[in-house]
2 protein chains.
Amino acid sequence: MGKKILIIGGVAAGPKAACRLKRLQPGWDVTVVDQDNLISYGGCGIPYYVCGDVSDEKELRSTSFHMVRDEKFFADAKGVTVLTRTRALGIDRRAKTVHVRQLDSGKESRLPYDKLLLTTGSSPVDLPIPGTDLDGVFTIANLHKAIDIKERIARGQVAKAVVVGGGAIGVEMAEALTDLWGVETALVEYMPQLLPRVIDREFAAMLKTQLLDKDVRVYTGESATAIVGDDNGRVTGVKTGKRTLDADLVIMAVGVRPRSELAREAGLAVAPWGGIKVNNRLQTSDPDIYAAGDCVAVPHLVTGRETFAPFGSLANRQGRIAADNIAGGVSLFNGVVGSFIMKAFDSCIAATGISYDTAVAEGFDADCSLSAPFDRAHFFPGAAVAVYQMVFDRKTRKVLGLQGFGPANDSVSVRINTAAALIARGAVIEDFITVEMAYSPPFSSAIDPINAAACIADNMCAGLLRRVDTDRFLAWMDDFSREQDWVVLDIRHPQEAAPYVGKFGPDRWLALPYNEIRRRHQELPDDRTMIIFCNAGNRSFEVQVALDQVGRKNSLVLCGGFNVIRRMGADLPV
Amino acid sequence: MGKKILIIGGVAAGPKAACRLKRLQPGWDVTVVDQDNLISYGGCGIPYYVCGDVSDEKELRSTSFHMVRDEKFFADAKGVTVLTRTRALGIDRRAKTVHVRQLDSGKESRLPYDKLLLTTGSSPVDLPIPGTDLDGVFTIANLHKAIDIKERIARGQVAKAVVVGGGAIGVEMAEALTDLWGVETALVEYMPQLLPRVIDREFAAMLKTQLLDKDVRVYTGESATAIVGDDNGRVTGVKTGKRTLDADLVIMAVGVRPRSELAREAGLAVAPWGGIKVNNRLQTSDPDIYAAGDCVAVPHLVTGRETFAPFGSLANRQGRIAADNIAGGVSLFNGVVGSFIMKAFDSCIAATGISYDTAVAEGFDADCSLSAPFDRAHFFPGAAVAVYQMVFDRKTRKVLGLQGFGPANDSVSVRINTAAALIARGAVIEDFITVEMAYSPPFSSAIDPINAAACIADNMCAGLLRRVDTDRFLAWMDDFSREQDWVVLDIRHPQEAAPYVGKFGPDRWLALPYNEIRRRHQELPDDRTMIIFCNAGNRSFEVQVALDQVGRKNSLVLCGGFNVIRRMGADLPV
């Protein structure tokens, strides 16, 4: 006789697990309950639906062969029963039933289970400030909200918008509003940078510059203190500590947290921050109850800590693994490295592993290599610069993370995903130096950006490369008094260097071309700290080594050079 | 006192090693000799120079900051001495000298060394047929040949061309001639498929179809038996066993082999096929002589055999490693997985590890999963189909290889490079199921193509998925008498299936939509073998499982479905 499997939550992990279960155990009775009427949708596609790239919300909940994934689809094609508009109220672990209420009829019942799977997902964090209940204030909690937002914009009701929260969803929504609809959009983030904790300052600055270039007004280090409205209860703006921003639409995107109330109330082990605890077979503290997706706590493979990884991709993978185990097999989910990727207008920003700041906070002997290579052979038409930062531990030589910022093609994805595969396996710098990247000029360089980043890290560990922090250099460019003895040694082509020498003065910006350094090094000052400057940092490194070899050790390299500081928004001569 | 390092060969591994050596050991004397006057160039860029994407050959031998890498550049910027037009005639290992001749002056001398590095590269294989010495017959041996070819085309002297050899260089040259210059081009390959040994038949067929679509005439399974010319010694055509192809230009691209004569004559250990034997520090059988780049034999990490891997990218990596070891450090080169990637008109074709045919030949318990997923979220604008084949061992579950064919963007590169990193580390199917691919709709699907390929492999190992060989299916479509009891079960939308039923007849092509199978399976024949057919193969798998579950086990899945056979050139209704 078949078992009864009950699954609570019908967006990503739940439907995936249900379908897999019916393939593995056709005789079993698999039921999914969800409080919503719209299920099995690509939540990550919401910004692209709002901006119009995806014209109909049905596309987000359709298969690649254009069938809408509704209750009937799951019944007909998958043999899975889906009960929509059905809220789970409580789990009776002794009786092995789930108490549910059908939201339209109000009818309550108890659904029995042999095995229960919790795929309850995550919910947006509510900011405890006044006005969040005003008309026109939204979270991106589900597809209904997205439909409502898009309808307001399409009806011409939105001229100005404010997005509160500079995480991935906030940035994607800011792009969606600005790019197609021309809504005047401001973005407020209370931390000093965008994507806090996920990427380092340099990358956040590059992202911010990209948003500013596209007319998104970005206010970092600024808290939204209140949402304000008119007498009709309609939103009119957002107050921060420093200003009031007008808005017909406010999107609250200050993060999400695991939806684990049911689990906690049922007495399952739940982390203090809300993640449901599971073993590597995705079993909770009750062996008959599994959990998967945004609602669980998973091990981080770099830090070893429990972490929150709310990604639709992980939810799908976990759904399959939970199903394998529920069906009686053995499948393991060992943890995450935290890969993320995002489009922001013409750019792609991505990261895997941990950032430099996180690595320092975690107590690693952390350092990082910053580089600005071409995304394919530099002589191939359309080759463009991307920026990479590899975070590593000097003692163990383990690579802890990689961040990339480049054009909105797939080139950053190539490097981030390869790095993720290696980092998850504890790879060291040498592994990244030799990792075999397929080479052909239309797709890569003979020395791939990922190999190059590792070579720089290797040179740093060997003491061959001494760098200056980019932030510190930019601060000095704003105020030369910060570092009295610094002088830039610009080794680029004289025509590139000339406007810089002109703007900053020869006392602060010295030019001597790369290929003349070996011959003319004696012209260089020995009582100053020379910041060696080129376009990408490679030549600067070579020059530092050459100067060291003639006993002139008074230099630091600005890794990534012009390519990085320009993208970070430095005020440079054109 | 500094050591004397002599390097023979100045294209890729040699210059890389020389520059690295000068950074590690500034006091050492590093000299590179090369018989050519053009050095340090991107040989893989030659097809893009010939087609005009790269306008000047100097770009192929310039840095990313537009400095030509000539003797003066190496002296000024790198502190490396380069002797061009200098041929190495022999190595005296006892005296530790290399006998060289300056080709312009004819002057001979002996250059002493403490450590010698052989980076002699590879040379084109000469086909032993008459006429290869005619005017207008070229190999892609060096940049001079490329310059000559381009000049002839630019002068309007080439209306028709024949490329002999369907490897990567042959295909790239065929594209170069056809695409920009409109030269009527034919490609002759004596093996039954393009890129023999590198990719499997299905992928070779997709590549061939792409070339035919772009008006390259492709003759596989046909040997060039003679090159023919006119009375002036000019080439006029190529004879094959079956026809004579007119040509003003013939490009011989039948492969390359290691240039190891010097090493062999000096008594160093050399593999029978010509690769110089080295240990994992790239040291030859003489501890004072190292070798790197195309001329060496390296271990294949999947087969464990010695292999030939002539890639500019590996040459660069090996150059750095050889330099580290020569300088007194320890750096290891452990082997290759054989990654390759290529653009062919609007397509990208790539592979890593070994093909299915190779896996069978090597004695693996080999099988392969074929899939045709979208390269990003299917609802994202511009999403396109790519085709992947994962080769695996059923017993150990090790993944042995991955092949991809998709649009000419970087999406195939993402999956091939991630796979290469995993395969080099002996990863099994489970590792590919869970490998964490960064997800966002503009860049990937929630279930990434690489995860999906592994899930299919997993289902095959579990006996959940039984497939039919694509070739066998296509042969049947040409001649139904080959398999008397077969009938296609087309589960696509009725509108998609109708023209097929019309063309092939309901006795051979049966239509029943995917979502009606569970309800209507009793209408299906149980005395025939049903080949389940959809667009990508996913639905077919589900239907097979569902039919198995109701006891109808008379089905096979056509993995990859319509998307694959269409790309392979099947004659299908539109």
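Per chain, residue numbering runs from 1 following the sequence as it is written. Labels are handed out in written order, letters beginning with A for the chains and numbers beginning with 1 for the ligands. Totals for whole chains, interfaces and linings use all residues, but because this is a predicted model, local features are given only for residues with pLDDT of at least 70 and pairs of side-chain atoms are given and counted only at 80 or more.

Visitor: Could you give an account of the overall build of chain A, with specific residues and numbers?
Guide: Looking only at helices and strands, one finds 18 helices and 30 strands in chain A. Radius of gyration (C-alpha) of chain A: 27 Å, near the 25 Å computed for a compact globule of 574 residues. Taken along its principal axes, the extent of the C-alpha atoms in chain A is 85 × 60 × 45 Å. Counting other C-beta atoms within 10 Å of each residue's C-beta, where C-beta atoms are placed from the backbone, gives the exposure class: buried for 20 or more, exposed for 12 or fewer, partly exposed between. Expressed as a percentage of its 574 residues, the buried residues of chain A come to 56%. We call two residues in contact whenever the C-beta atoms placed from their backbones are within 7 Å. Here the analysis covers contacts within chain A between residues at least 6 apart in sequence; of these, 66% occur between residues at least 24 apart. What counts as a helix is a DSSP run of H or I of at least four residues, what counts as a strand is a run of E of at least two, and both are numbered from the N terminus. For this measure, only C-alpha atoms enter the radius of gyration; the expected value for a globule follows 2.2 Å times N^0.38, where N is the number of residues.

Visitor: Before we move on, can you summarise the relation of the copies chain A and chain B with the specific residues and values?
Guide: The atoms used to superpose the copies are C-alpha atoms, taken from residues with pLDDT of at least 70 in both, and the fit is least squares. After a rotation of 180° and a shift along the axis of 0.0 Å, chain A superposes on chain B with an RMSD of 0.0 Å. The symmetry that links the two subunits is that of a two-fold axis. Take the interface residues of chain A: 100% of them recur as interface residues in chain B, which is what a same-surface contact looks like.

Visitor: Report on the interface of chain A and chain B, specifying residues and quantitative values.
Guide: Taken together, the contact between chain A and chain B spans 75 residues of the former and 75 residues of the latter. At the level of elements, helix H3 (57-60), helix H4 (71-78), helix H9 (312-326), strand S22 (340-344), strand S23 (347-353), helix H11 (411-423), helix H16 (517-520) and helix H17 (538-549) of chain A are the ones that each hand at least two residues to the side of chain A that touches chain B. Ranked by residues supplied to the side of chain A that touches chain B, first place goes to H11 of chain A with nine residues. Any residue outside Ala, Val, Leu, Ile, Met, Phe, Trp, Tyr, Cys, Pro, Asp, Glu, Lys and Arg is labelled polar, Gly included; the first ten of those are nonpolar and the last four are charged. For the side of chain A that touches chain B, the per-class residue count stands at 41 nonpolar, 21 polar and 13 charged.

Visitor: Break down the domain arrangement of chain A for me, with residues and values.
Guide: Residue and element names in this part refer to chain A. Domain annotation for chain A reports domain 1 (4-121 + 257-326), domain 2 (137-254), domain 3 (340-461) and domain 4 (470-567). A domain assignment, automatic or from a database, supplies the domain bounds used here. With centres defined by C-alpha atoms, the gap from domain 3 to domain 4 works out at 25 Å. The interface of domain 3 with domain 4 comprises nine residues on the first partner and 10 residues on the second. The biggest single contributor to the side of domain 3 that touches domain 4 is strand S24 (residues 366-371), with three residues. Of the residues contributing to the side of domain 3 that touches domain 4, the split by class is six nonpolar, three polar and no charged.

Visitor: Which residues make up the pairing of strand S13 (residues 224-229) of chain A, and what values go with them?
Guide: Residue and element names in this part refer to chain A. Any two strands between which DSSP finds at least two bridges are classified as paired. As defined by bridge partners, S13 adjoins strand S14 (residues 235-240) across five bridges and the pair is classed as antiparallel. Along S14, the bridge assignment pairs Ile 227 with Val 238. The antiparallel hairpin formed by S13 and S14 contains five residues in its connecting segment, where Gly 233 sits at a positive phi of about 80°.

Visitor: Which residues make up the sheet that holds strand S21 (residues 306-307) of chain B, and what are the values?
Guide: Residues and elements named next belong to chain B. Overall, mixed pairing links the three strands, which are arranged S18-S20-S21 in an open sheet. The two strands at the open ends of the sheet, each matched to only one other strand, are strand S18 (276-277) and S21. Bridging between strand S20 (residues 296-299) and S21 involves two bridges; their strand directions are antiparallel. Bridge pairing links Pro 299 to Glu 306 in S21.

Visitor: Can you explain the environment of Leu 245 of chain B? Please cite residues and give values.
Guide: All names here are of chain B. Tracing the sequence through the fold places Leu 245 in strand S15 (residues 244-246). Along the sequence, Leu 245 and Lys 78 sit 167 residues apart, while their C-alpha atoms lie 49 Å from each other. Residues contacting Leu 245, with those up to four places away along its chain left out, are Val 162, Ala 186, Gly 237 and Val 238.

Visitor: Quick one: what's the story with the sheet that holds S15 of chain B, residue by residue and with numbers?
Guide: Residues and elements named next belong to chain B. Overall, antiparallel pairing links the three strands, which are arranged S13-S14-S15 in an open sheet. In this open sheet, the two strands that pair with only one neighbour each are strand S13 (224-229) and S15. Strand-to-strand twist in this sheet, taken as the mean axis angle between neighbours without regard to direction, amounts to 25°. To define axes, lines are fitted to C-alpha atoms, for helices over the stretch in contact only, and angles between the resulting N-to-C directions are given on a 0 to 180 degree scale.

Visitor: Could you give an account of unusual backbone geometry, with specific residues and numbers?
Guide: The phi dihedral of Arg 197 of chain A is positive, around 75°, even though this residue is not glycine. For Arg 197 of chain A, a count of 13 C-beta atoms within 10 Å translates into the label partly exposed. Unlike most non-glycine residues, Arg 397 of chain B shows phi in positive territory, near 65°. Tracing the backbone through its elements, the reader meets Arg 397 of chain B in the loop between strand S25 (387-393) and strand S26 (399-407).

Visitor: Explain the confidence of the model for chain A to me, using residue names and the numbers behind them.
Guide: Counting all residues, the mean pLDDT for chain A is 96, and 100% of those residues have values of 70 or more. Reported confidence for the predicted complex is 0.96 by ipTM and 0.97 by pTM. What pLDDT conveys is the predictor's confidence in a given residue, as a value from 0 to 100.

Visitor: Break down the packing of helix H1 (residues 13-24) of chain A against H9 of chain A for me, citing the residues and quoting the values.
Guide: All names here are of chain A. It is the contact of H1 with H9, at a shortest axis distance of 7 Å, that shows an interaxial angle of 35°. The chirality of how H1 crosses H9 is right-handed. Contacts between H1 and H9 involve Ala 13, Gly 14, Lys 16, Ala 17, Arg 20, Leu 21 and Leu 24 from the first element and Ala 315, Asn 316, Gln 318, Gly 319, Arg 320, Ala 322, Ala 323 and Ile 326 from the second. Its residues assigned to classes, the contact of H1 with H9 shows eight nonpolar, four polar and three charged. Handedness of a helix crossing follows the sense of rotation of the near helix relative to the far helix, less than a right angle counterclockwise being left-handed and clockwise being right-handed.

Visitor: Describe the pairing of strand S2 (residues 29-33) of chain B, with residues and values.
Guide: Residues and elements named next belong to chain B. Pairing between strand S1 (residues 4-8) and S2: five bridges, direction parallel. Note that in S2 the partner of Leu 6 across the bridge is Thr 31. Once you follow S1 into helix H1 (residues 13-24) and on to S2, the crossover reads as right-handed. For S2 and strand S3 (residues 81-83), the ladder comprises three bridges, and the chain directions are parallel. Counted as the bridge partner of Thr 31 is Thr 81 from S3. Crossover handedness is defined by viewing with both strands directed away from the observer: a clockwise path from the first strand over the helix to the second marks the crossover as right-handed.

Visitor: Could you give me a rundown of helix H4 (residues 71-78) of chain B, with the residues and numbers involved?
Guide: A turn of α-helix holds 3.6 residues, and therefore any two residues three or four places apart point the same way. All names here are of chain B. Burial in H4 covers these residues: Phe 73, Phe 74, Ala 77 and Lys 78. Buried residues along H4 cover an arc of 95° about the axis, so they all sit on one side. The inward-facing, buried residues of H4 contact H1 and S3. Gly 79 occupies a position one or two residues after H4 and carries a positive phi of about 70°. Along the arc lie the directions from the helix axis toward the C-beta atoms.

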